[in-house]
Amino acid sequence: MLKATLRGLLARKLRLTLAGLAVVLGVMSVAAAMVTTTTVSGGFDAIFATATSGVDVSVAGKSDVDEPRAFTTPVASSVVDELTGIPGVKSAVGEVSVDGARPIGTDGKVIAVSGPPRSGVAWHGETGMVRLWDGRGPTSDGEVAINAGLADRGGFHVGDTIDVLTLAPRQSFRIVGIYGFSNGRGSLGGDTQVAFTEPVAQRLMLGQVGTFSSVTVTVDGISRTELRDRVAKALGDGYTVRTGDELAAATAANSKAFGDIVRMILLGFSGLSLLVGIFLILNTFSILVAQRTGELALLSALGARRRQIVGTVLVEALVVGTVASAVGLGLGIGVSALLTMVMEAQSGAELPVGLLVPVPDMVIAFLIGVGVTVVAALAPAVRASRVPPVTAMVAAKAEQRSLKRITVLGAIPAVVGIAGVVAAVVTDLGSFRWVALAGGVVLGLAGLALLTPIASRTLLPVLGRLLGWSASSKLGRRNAARNPRRTAITVATLVVTLGLVGGVGVVAQSVRADLSANATRGLGADLVISGDGVSARADGQGVGPPTAADGRIMPTFAASVIDEARRLPGVSEAVAQYVGSVDLPGAPRSPAAAGDVRRLSRVLDIGNVRQPGRGEVVVDTETLSAQRLRVGGTVEITTPRAGTREFRIVGTYRPSPMMRGPVFAVADATELFVTQAPALGYVTLDPGADATAVTREVAKLVADNPEVSVQDQTQLADDAASQIDIAETMLYVLLGLSVVIGILGIVNTMALSILERTRELGLLRAIGMRRSHMVRMVVAESLVMAVFGALLGLAAGGAAGAAAAHVLGLSAVVIPWTSLAVFLGLGVAAGLLAALIPSTRAASVNVLTAIAYE
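Residues numbered from 1 in each chain as written. Predicted model: local features only at pLDDT ≥ 70, side-chain atom pairs only at ≥ 80, totals over all residues. Heavy atoms only, no water.

Peer 1: I'm lost on the environment of Gly369 in this one. Help?
Peer 2: Residue position: Gly369 is located in helix 10 (residues 359-385). Taking the C-alpha atoms as reference points, Gly369 and Gly20, 349 residues apart in sequence, are found 9.7 Å from one another. Here Gly369 is in contact with Val23, Val27 and Ser325, once residues within four sequence places are set aside. (Helix = DSSP H or I, 4+ residues; strand = E, 2+ residues; numbered from the N terminus. Contact = heavy atoms within 4.5 Å.)

Have a look at this one:
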């Protein structure tokens, strides 16, 4: 039996290769995910271990707000003196190193980096890893040294002038030195560094002179761990004390977030590829078993047992899975090397390690590939074992089975699934709403898969008449409808992939419309002054990114800009809004704001609000209710710079997409928030004013800050909607390969179908059908199946996407008809591509050989 199985495998190697491609693609993406993330993580570990190699113990302020990258309170210079008096301390040196020094390139734009920090540091000479490559260190307020990574990015040289944005507005400095590191690299993981004199670094990066971001302590005669414990005991709970190894691990953990994102994307992609590949493998083995009905029945007649028949099919699947998984592993390692090169080129960070291949993960990826192949072939194998010997005489009729049972089995989950989706949409199920939706979609798709055969029997003739009227088209249409089960499995890949594409398209378009509407909802200003990334969030929960609690400094502009804008001709009102992030009791990372509330109420739909004074706040109605607070009472608020303080609530307001949470007096905000300048400005024009001219004049006021722009409401809405462009594109790219697998499924089915109908094709040629007509027939068959699968998938996916958009609470459900039409066109193209090879093979059939084919 084994010898017969292996010989049969060699005879069907082309067909099995097509099925194996799906496994190759899935295992390749799994392996690429594992190798890439292991390499990136290992690289960051090596970088930060080297960077902190000279640190025995590090002392930093403890964050007052609950944020992964929160702003930490600066360490007073007096702490350095206190540390030197602790037994076991050899030296204590105050450091300034803060992410937020944004250098401006020679083109006038901020030099962007993807992930690594843009640090502003205090120059302490050639200490630790730092080594001067050219020039000298800064000695006066107007001088800086920059790392070689920044010099390469911006094309800077010693003697050039560089403009830098920090907590303060744009300032110019003369470059007097370029430095690198003792490992021979010009940057640490692709970062950029601007080194100021210590007082300037403290003022620009920390907001106050006489403070440090951390203190580096060296040991004298004791272990690092013992010194850490002594320092922590001496300083108390207000500081974070870590050994150099702990600091390296914590720093690398922040940078590994990017690697985790890559892992999630690639694993999601590989999972989808393997899921779609299951359909392809199942289809391939189902067709092979059907074609070998006579062969398997003969083996059974000769004495082969049922388990031997099952073993025959599973051995074929095992060989295909093993070879395909091995090829996928090799390709995955190659793809990982390419991805690592691309990431290094984009980030400017050269990883100090080679490609790291995690052997246990590779074994798992290999076993997944083999397991998926064997499991997908199990059902056809069992079905093959049940073929009675007499069936060898009537193999053609064996395929024509009643659809009654499978239709009933499909109707039950379909009805239950639709009911679950409807319940999630029209009723308030609380936390079970998403469970009902997800369960309904899964059951609905399962039911749809089982109902596809009966649907194909009904719809394929209709589609066939619409797509062609010739005799060749009619034959192709009838061939597609001949075996509804096979057609259903064939189009299953397209149904799944285009269903996901359709669902993503509906949700993405609905989110885009919701973002646009929220960005300007209740906004009475004609123009908005804002920094890059400071805009209304999709959920309406306040402003922009995590902003002031984040370790990065957000773009701001000088408060004088608003005063100057207010004096411009054609401007009736201008008001600034300061933006921050605070912790409320039981509500960490709450957005916060400050400004002239009376003026803000004229441009934001927040109602009449009392202006808070020092030590006072006004709170939006939703936060007031959620926190069970009341006007006239007090609330404890934790801020990044001042810790926890008690404030009196003097008023309330309606929440707005641009403002919610506690609102402080400006005088308080400059002491509490990380950024001490406004992040948003609203400008209202006089009736009849020239909007273009006024916009141009307002833009001149912030022309020296490339991070800040002036937008009207239309531009603001477009900018908000564009936030999902990258995510949407990535999803489409990931789904694209699944569509390729779907095309492979149709190619495989058509190729096997042509082989199965060799005698039939020969007879058609014998009675006068031309080669061109043969090609048209096969193309029509492929096209009908592709369009059927595309329509079914887009309809189901669009419905599921609309339900998800409704459950998300989006302001509108938008159907992207143009995009769906494009996707349908892709389905048509898939059908045409899938027919190329099979139609050519059908047209080249030798008449005499085909008639004699058994």
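Having put the structure on the table, let's press on.
Peer 1: Help me understand the sheet that holds strand 1 (residues 57-61) in this model?
Peer 2: Across a sheet, paired strands are connected by hydrogen bonds in the backbone, their directions being either parallel or antiparallel. Across the sheet, 4 strands lie side by side as 3-13-1-14; this open sheet has antiparallel pairing. At either margin of the open sheet sits one strand with a lone partner, and together these are strand 3 (89-95) and strand 14 (239-243). Averaged over all neighbouring strand pairs, the angle between strand axes comes to 20 degrees, with direction disregarded. Against the sheet, helix 3 (residues 77-84) engages strand 1, strand 3, strand 13 (214-219) and strand 14, with an angle of about 170 degrees to strand 3. Its contacts with the sheet put helix 6 (residues 224-235) on strand 1, strand 3, strand 13 and strand 14, and the angle it makes with strand 14 is roughly 170 degrees. (Pairing = 2+ DSSP bridges. Axes fitted to C-alpha atoms, helices over the stretch in contact; angles between N-to-C directions.)

Peer 1: Would you take a moment to explain a negative patch on the surface for this structure?
Peer 2: A cluster of acidic residues, Asp526, Asp712, Asp718 and Asp719, forms a negative patch at the surface. Position of Asp526 relative to the elements: it lies in the loop between helix 15 (484-520) and strand 15 (527-531). (Patch = residues over 30% accessible without salt bridge, like charges linked within 9 Å, V, L, I, M, F, W, Y side chains within 5 Å. Areas by Shrake-Rupley, 256 points an atom, 1.4 Å probe, with all protein chains shown as cover. Salt bridge = Lys/Arg side-chain N within 4 Å of Asp/Glu carboxyl O. Lys, Arg positive; Asp, Glu negative; His and termini not counted. Charge placed at Lys NZ, Arg CZ, Asp CG, Glu CD.)

Peer 1: Would you explain unusual backbone geometry in this entry?
Peer 2: One non-glycine residue, Arg628, lies in the positive phi region at around 55 degrees. Tracing the chain through its elements places Arg628 in the loop between helix 18 (621-626) and strand 19 (634-639).

Peer 1: For this particular structure, what's the right way to read the pairing of strand 1?
Peer 2: One face of the sheet, then the other: side chains in a regular strand alternate in exactly this way. Counted residue by residue, strand 1 has 5 buried out of 5 residues, so it is predominantly covered. The pairing of strand 1 with strand 14 spans 5 bridges and is classified as antiparallel. When the sheet's bridge partners are listed, Ser58 is paired in strand 14 with Arg242. As paired strands, strand 1 and strand 13 are joined by 4 bridges and run antiparallel to one another. Paired with Val57 across the strands is Val217, a residue of strand 13. (Buried < 20%, exposed > 50% of the residue type's maximum accessible area, 1.4 Å probe, protein only.)

Peer 1: Can you help me understand helix 3 in this one?
Peer 2: Residue pairs three or four apart in sequence face the same way in an α-helix, which turns once every 3.6 residues. Those residues of helix 3 that sit buried are Val79, Val80 and Leu83. Angular distribution of buried residues about the axis of helix 3 spans 105 degrees; they occupy a single face of the element. (Arc of directions from axis to C-beta.)

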